[in-house]
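Next come the chains, spelled out residue by residue.
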Amino acid sequence: QVPLVESGGGLVQAGGSLRLSCVASGIIFKNHDMGWYYQAPGKQRELVAVITRGGITNIADSVKGRFAISRDNAKNTVYLQMNSLKPEDTAVYYCYAHGTSWSGPYDFWGQGTQVTVSS
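The following refers to the structure shown.

1. Here we look at the overall build of the protein
Phase 1 of the analysis: A count of helical and extended segments in the protein gives zero helices and eleven strands.
Phase 2 of the analysis: Across the protein, helices and strands are ordered from the amino to the carboxyl terminus as β-β-β-β-β-β-β-β-β-β-β.
Phase 3 of the analysis: Its C-alpha atoms give the protein a radius of gyration of 14 Å, near enough to 14 Å, the size a compact globule of 119 residues would have.
Phase 4 of the analysis: Each principal axis of the C-alpha atoms in the protein carries an extent, and together these give about 45 × 25 × 25 Å.
Phase 5 of the analysis: Burial analysis of the protein (119 residues in total) assigns 39% to the buried set.
Phase 6 of the analysis: Contacts in the protein between residues far apart in sequence, at least 24 positions, make up 55% of those at least 6 positions apart.
Phase 7 of the analysis: Counting every atom, the protein has about 6500 Å² of accessible surface; 49% of that belongs to carbon and sulfur.
Phase 8 of the analysis: Charge-centre separation for the protein: the mean point of 10 positive side chains lies 5 Å from the mean point of 8 negative side chains.

2. A look at the side chain of His32
Phase 1 of the analysis: Residue placement: His32 occurs in the loop between strand 3 (18-24) and strand 4 (33-39).
Phase 2 of the analysis: A residue is classified by how much of its surface remains accessible, and His32, at 4% relative accessible area, is buried.
Phase 3 of the analysis: If we skip the residues at most four places from it in the chain, His32 touches Ile27, Arg53, Arg71, Ala97, His98, Gly99 and Tyr106.

3. Things to note about the environment of Glu46
Phase 1 of the analysis: Structurally, Glu46 is set in strand 5 (residues 46-51).
Phase 2 of the analysis: For the pair Glu46 and Leu80, spaced 34 residues apart in sequence, the C-alpha to C-alpha distance is 15 Å.

4. Considering the sheet that holds strand 1 (residues 4-7)
Phase 1 of the analysis: Spatially, the four strands line up as an open sheet ordered 1-3-8-7, and their pairing is antiparallel. A single partner strand is all that each edge strand has here, and the edge strands are strand 1 and strand 7 (67-72). Across the sheet, the mean angle separating the axes of adjacent strands is 15° when strand polarity is ignored.
Phase 2 of the analysis: Across six bridges, strand 7 lies against strand 8 (residues 77-82) in antiparallel orientation. Residue Ala68 lies in a different strand from strand 8, and its bridge partner there is Gln81.

5. Details of the nonpolar core
One broad rule of soluble globular proteins: the nonpolar side chains tend to lie buried together.
Phase 1 of the analysis: One finds Trp36, Val48, Val78, Leu80 and Tyr93 to be the most contacted residues of the largest nonpolar core, which totals 30 residues.
Phase 2 of the analysis: Within the residue set of this core, elements represented by two or more residues are strand 3, strand 4, strand 5, strand 7, strand 8, strand 9 (91-101) and strand 11 (113-118).
Phase 3 of the analysis: Once you skip the residues sitting within four places of it in the chain, Tyr93 turns out to touch Glu6, Leu20, Trp36, Tyr37, Tyr38, Val48, Phe67, Leu80, Met82, Gly112, Thr113 and Val115.

Scoring rules and cut-offs
Residues numbered from 1 in each chain as written. Predicted model: local features only at pLDDT ≥ 70, side-chain atom pairs only at ≥ 80, totals over all residues. Heavy atoms only, no water. Helix = DSSP H or I, 4+ residues; strand = E, 2+ residues; numbered from the N terminus. Rg over C-alpha atoms; globule rule 2.2 N^0.38 Å. Buried < 20%, exposed > 50% of the residue type's maximum accessible area, 1.4 Å probe, protein only. Contact = heavy atoms within 4.5 Å. Areas by Shrake-Rupley, 256 points an atom, 1.4 Å probe, with all protein chains shown as cover. Lys, Arg positive; Asp, Glu negative; His and termini not counted. Charge placed at Lys NZ, Arg CZ, Asp CG, Glu CD. Pairing = 2+ DSSP bridges. Axes fitted to C-alpha atoms, helices over the stretch in contact; angles between N-to-C directions. Core = buried A, V, L, I, M, F, W, Y, C linked by side-chain atoms within 4.5 Å.

Set out below in structure tokens:
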């Protein structure tokens with residue numbers, strides 16, 4: 001498997017909730033900033049939320065108050081709790097990990113999980 005594996009996507013009605021999970025392997029999870037991006041068809045990938053290795057979070061303005069990011073270092077997992085979902089949230093959601101090695105910064109990306117919100 002790839003280093004980052006997402007799960008938890010699916011079809012939900014507007015106003016519903018989903019919880020996405022991303023399990024990391026092959027990396028020192030606690031040393032990486034983690035986050036979620038989303039990409040709708042025909043659009044560029046956009047940042048949803050980030051949680052640093054120190055636990056500091058940043059949430060995109062479009063989802064503030066509705067989404068929350070968290071991490072469990074013991075489980076090598078980052079979560080995205082998605083509440084009050086809207087049709088415009090429909091996208092593929094990608095987990096990412098950001099780290100730094102001797103050669104410089106690098107990113108890992110998951111394969112994505114589809115979230116579809118019906119009206």
